[in-house]
Protein chains: 2
Amino acid sequence: MPDHFVALTRRALAATALTLAAVTPAPAQQAAGDPLPSWRDGQTKRAIQSLIGRVTRPGTRHFVAPTERVAVFDNDGTLWVEHPMYTQFAFAIDRLKEMTQRDPALLANPVLKAAVDGDMRVVMAAGERGLAEIIAVTHTGMSQDAFNSIATQWLANARHPRFNRPYTQLIYQPMLEAMRLLRREGFAVWIVTGGGQEFVRAFSGPTYNVPIAQVVGSVGKTEFRLLPDGKSELFRLPAIEAVDDGPGKPVGIGRFIGRRPIIAFGNSDGDIEMLQYATTSPGPRLGLFVHHDDAVREYAYDRETHVGKLDRGLTLAPAAGWRLISMRNDWLRIFPGS
Amino acid sequence: MPDHFVALTRRALAATALTLAAVTPAPAQQAAGDPLPSWRDGQTKRAIQSLIGRVTRPGTRHFVAPTERVAVFDNDGTLWVEHPMYTQFAFAIDRLKEMTQRDPALLANPVLKAAVDGDMRVVMAAGERGLAEIIAVTHTGMSQDAFNSIATQWLANARHPRFNRPYTQLIYQPMLEAMRLLRREGFAVWIVTGGGQEFVRAFSGPTYNVPIAQVVGSVGKTEFRLLPDGKSELFRLPAIEAVDDGPGKPVGIGRFIGRRPIIAFGNSDGDIEMLQYATTSPGPRLGLFVHHDDAVREYAYDRETHVGKLDRGLTLAPAAGWRLISMRNDWLRIFPGS
């Protein structure tokens, strides 16, 4: 374990000791050498460690070759904060504000105007078509490279309204540790997101240590264009190619990864089919839902919400054998350095 | 270099010495330590080595970080033999024969009957719709896992009509060496094929050392299904999702790889846009076409052919700076162990 990591851990344990005064104290397990120091010792942590142990011990019954070890993580609400709105939607609104300053004619569209004015009731009332309109205006009509620059620049400057920190710092430290442990144990770690694939790729490397080719997400159509100057580009068209959510997640996993995951982390009903695909196959398998039940350190929501709803998933979990990760009880700290 | 590889090389050099009696003898360059021993010393080999050298020397102007080093290879005609017909089509016909034995009613369809009878004129006259019908009947209506088993079993038993060897042995040794060298130099090596992604994934690992998640190809639609027994599957539907050919290749590269390749190998007009995408960007870049000009050891074809046509590509190559790999002159041997 590198020194800076030990230092971070110590600092975090000191900090969380205050926050967690009302909760049982951290047991001895969170000592140096524990690969999951931000996970409280308990059934959830032990289930993850047990699954990894069972598939990686050579010569035992459930041993899985390293090339077959696949772990998948949803992004919004599973790896980073998704409230009060999906980060990508905050990006879209900020970009829309910029665009309407340069081109006020865009405000003639009532949905775009409502989004700029922060009138989310009007935006929501427009349903999926309204959202699609906002995404089309802000995410397409440019090259893939241009979009990447726009997204990267926004991520470097934007701040979360409650935590006043860059969104890329509002990632879950326990999940970083789980990803690191899985990689160390030979797993390929993939992100399978309902969000825009290119948006998540803009930060997946430095933020999660997940290479862009291991990010599967929703994508719009692109077109190859030869330009008059002899260069070429992939141009982003205002049309949807694939929605990587719900039943689209196992389809995306099949297309990109080509193997059934052994362990799958989600947090919302959009992750149900991904967890089903991972866990309905012989051999040790594990599906987990992050349960947002920590209004003090993050947010508390599940069945009644527009963002990250976990309703059917909560109902299905017990019979399916999926584990709930209680943010409040299972996680000793939430964010890196906090 | 492992011993068995040296042995193979020696055996191959001895064998090709006979075949190549009419061609200039192998120069000293093909000695032990040469990472491309099956490539004759010449402009093509030097262009590949020079490109790799220019982007991998730290501190020099054109240095490219390892995470950005991407190499792409077409499959049919670039990595393995594509005549007298695409291997996947030979698979489809064999499978169709099997299926019609069990279910003769299929022969009521004239295109399917012609395919079984080997009457390729009728099949070709039915155009793309006829081919799509054959592919739909033989490639869909089953789970992804079932298809993988069928393809794997066929590949283990089928033999090429001229060479009487398994298709997976009719791969190009010089390309295996190029892939190995590129990987050694930090490149991610991808296959970008117009063929079926799952068909190529069925052999890419053991045959090319390319993991299945680094194979991009044409795909049909799949559907996630929960089964009555509590298991689940991806079911292959008779509908096309993406054609990874021509302009579809850069689109597939953007979606799967997310980076512009530095070096691209193709052999037909279906690879033009992939080569354009790779080579129309600043910095050292290289596009190469395998030119099938060796009727003795393999096949000779380019402008006038139904399989692997290289017509526009031949015309565009000089101005675009793409190099032709002359199978006859640039390759000291064609197949491994030959």
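For the structure itself, consult the block above.
About the criteria used
- Residues numbered from 1 in each chain as written.
- Chains lettered and ligands numbered in written order.
- Predicted model: local features only at pLDDT ≥ 70, side-chain atom pairs only at ≥ 80, totals over all residues.
- Heavy atoms only, no water.
- Helix = DSSP H or I, 4+ residues; strand = E, 2+ residues; numbered from the N terminus.
- Rg over C-alpha atoms; globule rule 2.2 N^0.38 Å.
- Buried < 20%, exposed > 50% of the residue type's maximum accessible area, 1.4 Å probe, protein only.
- Contact = heavy atoms within 4.5 Å.
- Areas by Shrake-Rupley, 256 points an atom, 1.4 Å probe, with all protein chains shown as cover.
- Pairing = 2+ DSSP bridges.
- Axes fitted to C-alpha atoms, helices over the stretch in contact; angles between N-to-C directions.
- Polar contact = N/O pair within 3.5 Å; in protein donor to acceptor, adjacent residues only side chain to side chain.
- Buried area = accessible area lost by both parts, 1.4 Å probe.
- Salt bridge = Lys/Arg side-chain N within 4 Å of Asp/Glu carboxyl O.
- Nonpolar A, V, L, I, M, F, W, Y, C, P; charged D, E, K, R; others polar.

1. Notes on the overall build of chain A
Helix and strand counts for chain A stand at 13 helices and 7 strands. Here the C-alpha atoms of chain A give a radius of gyration of 21 Å, agreeing with the 20 Å that 2.2 N^0.38 yields for 338 residues. Across its three principal axes, chain A shows a C-alpha extent of roughly 60 × 45 × 40 Å. Split into buried and exposed, the 338 residues of chain A put 54% on the buried side. For chain A, the share of sequence-separated contacts (at least 6 apart) that also reach a separation of at least 24 residues comes to 66%. Only carbon and sulfur atoms are counted for the fraction: they give 55% of the accessible area of chain A, which is about 14500 Å².

2. Some words on the sheet that holds strand 2 (residues 188-196) of chain B
Residue and element names in this part refer to chain B. Here 7 strands make up an open sheet; going across it, the order is 4-3-2-1-5-6-7 and the pairing mixed. Each edge of the sheet is formed by a strand with only one pairing partner; in this case those strands are strand 4 (232-242) and strand 7 (323-326). On average, each strand axis in the sheet is tilted by 35 degrees relative to the strand beside it, whichever way the strands run. Here 4 bridges tie strand 5 (residues 263-266) to strand 6 (residues 286-291), and the two strands are oriented parallel to one another.

3. Some words on the side chain of Thr193 of chain B
Residues and elements named next belong to chain B. Relative to the helices and strands, Thr193 resides in strand 2. Residue classification places Thr193 among the buried residues on the basis of a relative accessible area of 0%. Looking at Thr193, its side chain comes within polar contact range of the main-chain nitrogen of Gly195, at 2.8 Å. If we skip the residues at most four places from it in the chain, Thr193 touches Asp74, Asn75, Asp76, Val200, Val216, Gly217, Ser218, Asp244 and Lys249.

4. Here's the deal with the interface of chain B and chain A
Listed as interface residues are 34 residues of chain B and, on the opposing side, 34 residues of chain A. Carbon and sulfur atoms supply 56% of the area buried between chain B and chain A, which totals about 2800 Å² over both sides. The largest per-residue losses of area from chain B upon contact with chain A belong to Phe224, Arg255 and Phe256 of chain B, which jointly make up 25% of the total buried on that side. Where chain B packs against chain A, one counts 0 salt bridges. For the pair chain B and chain A, the number of links is 12 residue pairs in polar contact (both at pLDDT 80 or more). At the level of secondary structure, the elements contributing two or more residues to the side of chain B that touches chain A comprise helix 9 (197-208), strand 3 (215-226), strand 4, helix 10 (248-256) and helix 11 (272-279) of chain B. For the side of chain B that touches chain A, the class distribution of residues is 15 nonpolar, 8 polar and 11 charged.

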